[in-house]
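For reference, the chains in residue letters:
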Amino acid sequence: MTDSDIARILEFDGNDSTVEGLSDEDFEGSQDLEPRLEELENEGSNDDSSDDDVPLAAVAARQTSSRRLYFKHENDFTPYPPGMYCQPLAASRVNLLQEPIEYFLRYIPEVMFEIISNYSNQTYLLKKGQNLNTTKEEIKLFFGISIAMSYLGLPRIRMYWANRTRVAMIADRMTRDRYFKIRTNLKLVNDLEVDEASKQNKFWKVNPLIKTVRKACLETPRSQHTSVDEQMIPFWGQVSMRQFIRGKPNPCGLKNFVCTTPDGVPLDFFMYEGKGDTILTTNEAEGLDIGGKVVLKLSETLPEGVKLYMDRYFTSLDLLDKLRSKKMQATGTLRKANIPKNCNFKTDNELRKQGRGSSDQLVRSDGNVACLKWFDNKPVIMASSVDSKEPINKCRRWCKKTKQYIQIDRPFAIEQYNTMMGGVDMLDRVISFYRIRARSKKWTVRLIFHFFDFAAAAGWLVYRNEAKLLECPKKNILDYLEFKVQIANSLLYFTPAREQIHIIHEVDSDDSTEEAQPWSRKRKCIPQPPVQLMTAMAGHLPLIDEQNDNHRCRMPGCKSKKARVFCSTCNMHLCLVIGRNCYKRYHESV
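Fair warning: this is a prediction, and the values are worked out from it, not measured in the lab.

To continue, consider the overall build of the chain. Counting its secondary structure elements, the chain contains 20 helices and 17 strands. Buried residues in the chain amount to 45% of all 590 residues. Considering only contacts in the chain between residues 6 or more positions apart, those separated by 24 or more positions represent 61%. Taken as a whole, the chain presents about 33,300 Å² of accessible surface, with 49% of it coming from carbon and sulfur.

As structure tokens, this is what we get:
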């Protein structure tokens, strides 16, 4: 490349007419421009007569470097990674699987039930002048019932208490009117204690729950591959944050932007407040649309070297450059409006003539971004700062003409995108299986129930990953239904279940007297209770003293001196014989 060619490149102002005289061969030699400018700069620094002329030319070359960017057809694209990913220490080997309730409590801790109880009582007292008299234990019972309803699936909530469709595990634990009364008055904050600055956040009424769940997500070990997508929370009530997206499974509702691992485990999220939401207030978000700002906000909690995958709602070349400045790489599909004007792909007809599976790749002159067009049934356009067209692999597609499956070419970037992008969709799919379906005009109730479903689904995905790390047999890994059943049972039978056992036995005895027939010889089989109920009072099991039976009963008022049974926890000898059950009365008198 001659000095005149260098001068012509420096004078380029971005218009196509300026570079009409330059051929592709001239641009191929443009990589020699930077070394030539460095030589001129060094020569200028040694010259005592003029110290400003050559450095100004170098500065001008750097300022025009962005203007000189162009795209060229290349199959090879190997960008240098801007940052190195370090495996977090928290992602070390798992030693033992925990109970389902333990995974759930990672996202919804015990203190959250106490917060809901306190603020629900305060708000009800201010509005009605009466005390709601709810407790932490009753709130846990309320959500246990709600989770149980999600997998039992009766079409109406009142049917769980109706005579013909009565469900004992729900109706025996809480009355119908009490359930609706608690649901109507659920509160997470005291409205009088919230200042105006906090109310600028439109989700301030449920902000404590959002912060708690998000804190658990941030404590999850970061994955090198992450996906970003939107999540719709179904809600048809009137609220300013409500969004409508045509074509979604839940087109109307509240929008939540989520960042997950490829397996669906959530890493971070934030609720979208609707039109006017600034999302980011920093200067680095200038020139980006809403999708780009969302990705930058979620990337704040990700380490260097992470590779992000997103759909066309978020992707733009400006976003890829900003992520690279943060030492991250990304891949995503492109909308037509975000395709660079100087990115001249082959036309659809040209790719169609080459056959199904043909592709065309354009690499930017700086070597940091590649744009790829792949023709399947329709053209797919993608931009990436990490993945390339090669190596090309095969994938199976259905051919309408031959009525059979065929093998077509698929670029490596497309394969990686399909593998890594489905994390948020996986999380949504798990939630949708057994969602708490409560029709309510209050968006706060809908959002509270959603995050309880969110915590259960995220807990199961973490549980499944840990089970795979421990190489557990597939038959021993709980599916999501059984996982949620055990969470509900743990919340329903969280306290000493003395009263619950009494209620269950009363119901069984009544049913047996009503349904018993004189000619029936079969005894009614009482089903086994849940494990959580069986082990609720396992700490005070009675034992028989085989060494000495001359112990005095320690129950006040009892004068028996032959108490052979003693409590394994209290170590007290008590009577447990026909007609005198001091063991039961002793533990109930506390």
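Right, let's talk about the side chain of Arg178 for a bit. With respect to the secondary-structure elements, Arg178 resides in helix α9 (residues 176-184). If near-sequence neighbours (up to four positions away) are discounted, Arg178 is found in contact with Leu132, Asn133, Thr134 and Glu138.

Looking now at empty space enclosed by the protein. Evaluated as defined, the whole model comprises one cavity of 30 Å³ or more. Quantified by volume, the largest cavity comes out at close to 40 Å³. Around the largest cavity, the lining residues are Gln361, Ala370, Cys371, Leu372, Met382, Ala383, Ser384, Asp387, Ser388, Lys389 and Ala413. Elements with a contribution of two residues or more to the lining of the largest cavity: β9 (370-375) and β10 (379-384). Here the residues of the lining of the largest cavity are counted per class, giving six nonpolar, three polar and two charged.

Residues of helix α12 (residues 317-325) that are buried: Leu317, Leu319, Leu320, Leu323 and Arg324. Looking straight down α12, one finds its buried side chains confined to an arc of 155°; they lie on one side. Directly after α12, the chain includes Lys327, whose backbone phi takes a positive value near 65°.

We now examine the sheet that holds strand β15 (residues 573-574). With antiparallel pairing, the three strands of this open sheet are ordered in space as β13-β14-β15. Of all strands in the sheet, those with a lone pairing partner are β13 (542-544) and β15, marking the two edges. The pairing of strand β14 (residues 565-567) with β15 spans two bridges and is antiparallel. Bridge assignment links Val565 to a residue of β15, and that residue is Leu574.

Another aspect to go through is the pattern of salt bridges. Counted by the stated rule, this structure contains 19 salt bridges. A salt bridge links Asp172 to Arg166, with the nearest nitrogen and oxygen atoms 2.6 Å apart. Asp172 gets classed as buried once you look at its relative accessible area, which sits at 12%. Given a relative accessible area of 39%, Arg166 falls into the partly exposed group. As a salt-bridge pair, Asp453 and Lys484 come within 2.9 Å of each other at their nearest N and O atoms. Of the two residues, Asp453 sits in helix α16 (residues 443-469) while Lys484 sits in helix α17 (residues 480-492), which places them 31 residues apart along the sequence. A residue is classified by how much of its surface remains accessible, and Lys484, at 1% relative accessible area, is buried. One network of salt bridges, in which partners are shared, links Glu110, Lys136 and Lys140.

Formed by 76 residues in total, the largest nonpolar core has its most connected members in Phe104, Ile108, Phe143 and Leu447. Once residues within four sequence positions are removed from consideration, Leu447 is found in contact with Phe203, Val206, Ile210, Ile233, Leu254 and Met271.

Summarising the element assignment, Asn256 is placed in strand β4 (residues 252-260). Filtering out sequence-adjacent residues up to four positions away, Asn256 remains in contact with Asp229, Glu230, Gln231, Ile233, Phe269, Phe270 and Met271.

On to helix α7 (residues 136-152). Helix length check: α7, at 17 residues, gives a terminal C-alpha distance of 24 Å against a target of 24 Å (1.5 Å per residue), a fit within 8%. The element α7 is largely enclosed, with a buried count of 14 among its 17 residues. Once α7 ends, the next one or two residues include Gly153, with phi positive near 75°.

Once that is clear, we can look at the state of the cysteines. Scanning the entire structure with this criterion turns up zero disulfides. For Cys217, which is in no disulfide, the shortest distance to another cysteine sulfur is to Cys259 and amounts to 9.9 Å. Summary of cysteine pairing: Cys575 is not part of a disulfide, and the nearest cysteine sulfur, belonging to Cys553, is at 3.6 Å. Its relative accessible area of 3% is what places Cys575 among the buried residues.

Turning next to the pairing of β4. Burial of β4 is extensive: nine of the nine residues sit out of reach of the surface. Across eight bridges, strand β2 (residues 225-234) lies against β4 in antiparallel orientation. For Asp229, the partnering residue across the bridge sits in β4 and is Val258. As defined by bridge partners, strand β3 (residues 242-244) adjoins β4 across three bridges and the pair is classed as antiparallel. Paired with Gln243 across the strands is Gly253, a residue of β4. Pairing geometry for β4 and strand β5 (residues 266-271), over five bridges, is antiparallel. When the sheet's bridge partners are listed, Cys259 is paired in β5 with Asp268.

Each value, and the rule that gives it
- Residues numbered from 1 in each chain as written.
- Predicted model: local features only at pLDDT ≥ 70, side-chain atom pairs only at ≥ 80, totals over all residues.
- Heavy atoms only, no water.
- Helix = DSSP H or I, 4+ residues; strand = E, 2+ residues; numbered from the N terminus.
- Buried < 20%, exposed > 50% of the residue type's maximum accessible area, 1.4 Å probe, protein only.
- Contact = heavy atoms within 4.5 Å.
- Areas by Shrake-Rupley, 256 points an atom, 1.4 Å probe, with all protein chains shown as cover.
- 1 Å grid on protein atoms, 1.4 Å probe; cavity = no way out; pocket = protein on both sides within 12 Å on 5 of 7 lines; lining within 4 Å.
- Points joined across faces, edges and corners; volume = space filled by probe spheres on them.
- Nonpolar A, V, L, I, M, F, W, Y, C, P; charged D, E, K, R; others polar.
- Arc of directions from axis to C-beta.
- Pairing = 2+ DSSP bridges.
- Salt bridge = Lys/Arg side-chain N within 4 Å of Asp/Glu carboxyl O.
- Core = buried A, V, L, I, M, F, W, Y, C linked by side-chain atoms within 4.5 Å.
- Expected span 1.5 Å × (residues − 1).
- Disulfide = S-S within 2.5 Å.

That is the geometry; function is a separate question.
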